[in-house]
Amino acid sequence: MSDQNRLGVFKTYKLYVGGKFPRSESGRVYEVTDSKGQWLANAPKSSRKDARDAVVAARKAFGGWSGATAYNRGQVLYRVAEMLEGRKEQFVREVAASEGLSKSKAAAAVDAAIDRWVWYAGWTDKIGQIAGGANPVAGPFFNLSTPEPTGVVAVLAPQKSSFLGLVSVIAPVIATGNTAVVIASADAPLPALSLGEVLATSDVPGGVVNILSGVTAEIAAPLAAHQDVNAIDLTGADAELAEELEIAAADNLKRVLRPQLVDAADASDSDWLASPGTHRLTAFLETKTVWHPTGALGAAGSSY
């Protein structure tokens, strides 16, 4: 049968929550268009219930993921990069359509996103060396500080950089042992929803990353006020929304990352191409300090 005679199969995009692909609890969808206003697909419009379900899934996955060795988490993140490499052409098409980029610029953004997964994979077992260590104290004891993951992190993905920016905010959160509830770009959610398919077929345990699409403010409000969310990344929020969410987050003393300059909600891929540094790795880490007495040896009181 020729291509002219066959019926095209349209892709049904779904949420990614707890390792599964549910439709929105409300049954709502909204139209996603390209830069010229042409219809691309219908994306699920998440509700407050979807947000709460995603938090439950993230909390359930936190114990196992945070308890895994840093080396193992690095292997898992590298596996995601491997899977993305095999589906690169699909993501180039989606990024080009979503962001109105030429094929060459979209390919550069996707290549950079894959490289970023590899970069963060290499940091999983090294961040502890720069964020912790032995503290010099006077006395017969050791004083050691070690970084630990914060917990469940709500992440508002960049609005314009639908894939490179998305990866740049997700990867450091999970690399350090946290779990994430991610709100995709409202106007360009398709690369994020397709990323869920990659995560599901890699080694990332279900619930470690949960991806929601819809109106950012509608989904972010219940997450900012949720008592079981430990931190929130406001990258994808405008100034007015960021202020509202920051106030709501104060109720249970959430960690809040409110990026400036290149991390702004309207940042383009060219901004995200810059070296990410380690500030996103350390943004959602807690420091545990342990005091351990050394004891004394001999009558002279010498210690070790």
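A quick note: this is a predicted structure, and the numbers were derived from the prediction, not measured.

J.: Teacher, can you tell me more about the pattern of salt bridges here?
T.: If charged atoms from side chains of opposite charge come close, those side chains can pair. As enumerated under the stated definition, the model contains 13 salt bridges in all. Across the pair Arg28 and Glu218 runs a salt bridge whose closest N-O atoms are separated by 2.8 Å. Of this pair, Arg28 sits in the segment before strand 1 (29–33) while Glu218 sits in helix 8 (residues 216–225); the two residues are 190 residues apart in sequence, bridging distant segments of the chain. Residue class for Arg28 comes out partly exposed when judged on its relative accessible area of 29%. Among the residues examined, Glu218 registers a relative accessible area of 27% and is labelled partly exposed. Close ionic contact of Asp53 with Lys49 constitutes a salt bridge, the shortest N to O distance being 3.0 Å. With a gap of four residues between them, Asp53 and Lys49 both fall in helix 1 (residues 48–67), about one helical turn apart.

J.: Looking at this model, I keep getting lost on the sheet that holds strand 5 (residues 152–156). Mind explaining?
T.: Strand pairing in a sheet takes place through backbone hydrogen bonds and is either antiparallel or parallel in direction. Pairing in this open sheet of five strands is parallel, and the strands run 7-6-5-8-9 from one edge to the other. Whereas interior strands pair on both sides, the edge strands pair on one side only; in this sheet they are strand 7 (209–212) and strand 9 (255–257). Strand-to-strand, the axes of this sheet are offset by a mean angle of 15 degrees, without reference to chain direction. Alignment of strand 5 against strand 6 (residues 179–183), held across five bridges, turns out to be parallel. Directly across from Val153, in strand 6, lies its bridge partner Ala180.

J.: Would you mind showing me how to read helix 7 (residues 190–200) here?
T.: Along an α-helix, residues three or four apart share an orientation, since each turn contains 3.6 residues. Helix 7 sits mainly inside the fold: nine of its 11 residues count as buried. Of all the residues in helix 7, the buried ones are Leu190, Pro191, Ala192, Leu193, Ser194, Leu195, Gly196, Val198 and Leu199.

J.: Could you clarify how one ought to interpret the environment of Val182 in this entry?
T.: Looking at the element boundaries, Val182 is found in strand 6. In sequence terms Val182 and Ala54 are 128 residues apart; their C-alpha atoms lie 9.0 Å from each other. Here Val182 is in contact with Val155, Ala157, Leu166, Ile170, Val209, Asn210, Ile211 and Leu212, once residues within four sequence places are set aside.

J.: I keep staring at the pairing of strand 6 and nothing clicks. Help me out?
T.: Two faces, one strand: in a regular strand the side chains alternate between the faces of the sheet. Counting buried positions along strand 6 gives five out of five residues, so the element sits mostly inside the fold. Residues Thr179, Val181 and Ile183 line one face of strand 6 and the alternating positions Ala180 and Val182 line the opposite face, and both faces are buried. Handedness of the strand 5-helix 6 (residues 164–175)-strand 6 crossover: right-handed. Here strand 6 pairs with strand 7 via four bridges, running parallel. If you follow Val182 over to strand 7, its bridge partner there is Ile211. For the crossover that starts at strand 6, traverses helix 7 and ends in the parallel strand 7, the hand is right-handed.

J.: Quick question: what am I supposed to make of the sheet that holds strand 4 (residues 141–149) here?
T.: Strand order in the open sheet made by the three strands is 3-4-10, with antiparallel pairing throughout. Each edge of the sheet is formed by a strand with only one pairing partner; in this case those strands are strand 3 (133–134) and strand 10 (285–293). The pairing of strand 4 with strand 10 spans nine bridges and is antiparallel. Along strand 10, the bridge assignment pairs Leu144 with Val290.

J.: Before we go on, may I ask you to explain the packing of helix 3 (residues 88–99) against helix 4 (residues 103–123) in this structure?
T.: Each packed pair of helices is defined by two parameters, the angle between the axes and the distance between the axes. Running from N to C, helix 3 and helix 4 point in directions that differ by 125 degrees, and their axes come no closer than 8 Å. Relative to helix 4, the element helix 3 lies oblique. Like other packed secondary-structure pairs, helix 3 and helix 4 cross with a definite hand, here right-handed. Here Lys88, Phe91, Val92, Val95 and Ala96 of helix 3 come into contact with helix 4, specifically with Lys103, Ala106, Ala107, Val110, Asp111 and Ile114. Partitioned by chemical class, the residues of the contact of helix 3 with helix 4 number eight nonpolar, no polar and three charged.

J.: Help me understand the environment of Lys49 in this model?
T.: Looking at Lys49, the relative accessible area reads 34%, which means it is partly exposed. Residues Lys49 and Ser26 lie 23 residues apart in sequence; the distance between their C-alpha atoms is 8.3 Å.

J.: So what exactly am I meant to see when it comes to the packing of aromatic side chains here?
T.: This model, assessed by the stated rule, comprises five aromatic pairs. An angle of 35 degrees between the planes, with centres 5.1 Å apart, marks the rings of Tyr16 and Phe21 as tilted. The interplanar angle of 25 degrees and the centroid separation of 4.7 Å between the aromatic rings of Phe91 and Phe163 together place this pair among those described as stacked. Remark: Phe163 occurs in the loop between strand 5 and helix 6 and Phe91 occurs in helix 3; sequence separation between them is 72 residues. Phe163 shares its class with Phe91; the two are buried.

J.: I keep staring at helix 4 and nothing clicks. Help me out?
T.: Counted at 1.5 Å a residue, the expected span for helix 4 with its 21 residues is 30 Å, and the 31 Å between its end C-alpha atoms agrees. Regarding helix 4, the residues found buried are Ala106, Ala109, Val110, Ala112, Ala113, Ile114, Arg116, Trp117, Tyr120 and Ala121.

Rules of the game
- Within each chain, residue numbers correspond to sequence positions counted from 1 in written order.
- Selection of residues for local features in this predicted model requires a pLDDT of at least 70, selection of side-chain atom pairs for listing and counting requires 80 or more, and totals for whole chains, interfaces and linings are taken over all residues.
- To get the side-chain values, all heavy atoms of the structure are used, and hydrogens and water are removed first.
- Every case where a carboxyl oxygen of Asp or Glu lies within 4 Å of a side-chain nitrogen of Lys or Arg is listed as a salt bridge.
- Secondary structure elements are defined from DSSP: runs of H or I of at least 4 residues count as helices, runs of E of at least 2 residues count as strands, and each element is numbered from the N terminus.
- Per-residue accessibility, obtained with a 1.4 Å probe over protein chains only, is compared with the maximum for each type, and a residue is labelled buried under 20%, exposed over 50%, and partly exposed between these values.
- Think of it this way: DSSP has to see at least two bridges between two strands before they count as a pair.
- Simply put, an axis is a line fit to the C-alpha atoms, just over the touching stretch for a helix, and the angle between two N-to-C directions goes from 0 to 180 degrees.
- Any two residues having at least one pair of non-hydrogen atoms within 4.5 Å are treated as being in contact.
- If you view a crossover with the strands going away from you and the path from the first strand over the helix to the second runs clockwise, you call it right-handed.
- Any angle from 65 to 115 degrees is called roughly perpendicular, while one under 35 is roughly parallel, one over 145 is roughly antiparallel, and all others are oblique.
- By convention, the crossing between two helices is left-handed when the near helix turns anticlockwise from the far helix through less than a right angle, and right-handed when the turn is clockwise.
- Charged residues are taken to be Asp, Glu, Lys and Arg, nonpolar residues to be Ala, Val, Leu, Ile, Met, Phe, Trp, Tyr, Cys and Pro, and polar residues to be all remaining types, Gly included.
- Any two of the Phe, Tyr and Trp rings considered here, Trp counted by its six-membered ring, make a pair once their centres fall within 6.5 Å; the pair's planes then place it as stacked at under 30 degrees, edge-to-face at over 60, or tilted in between.
- Any helix carries an expected span of 1.5 Å times its number of residues minus one.

Note that all results are geometric; they support no functional claim without further evidence.
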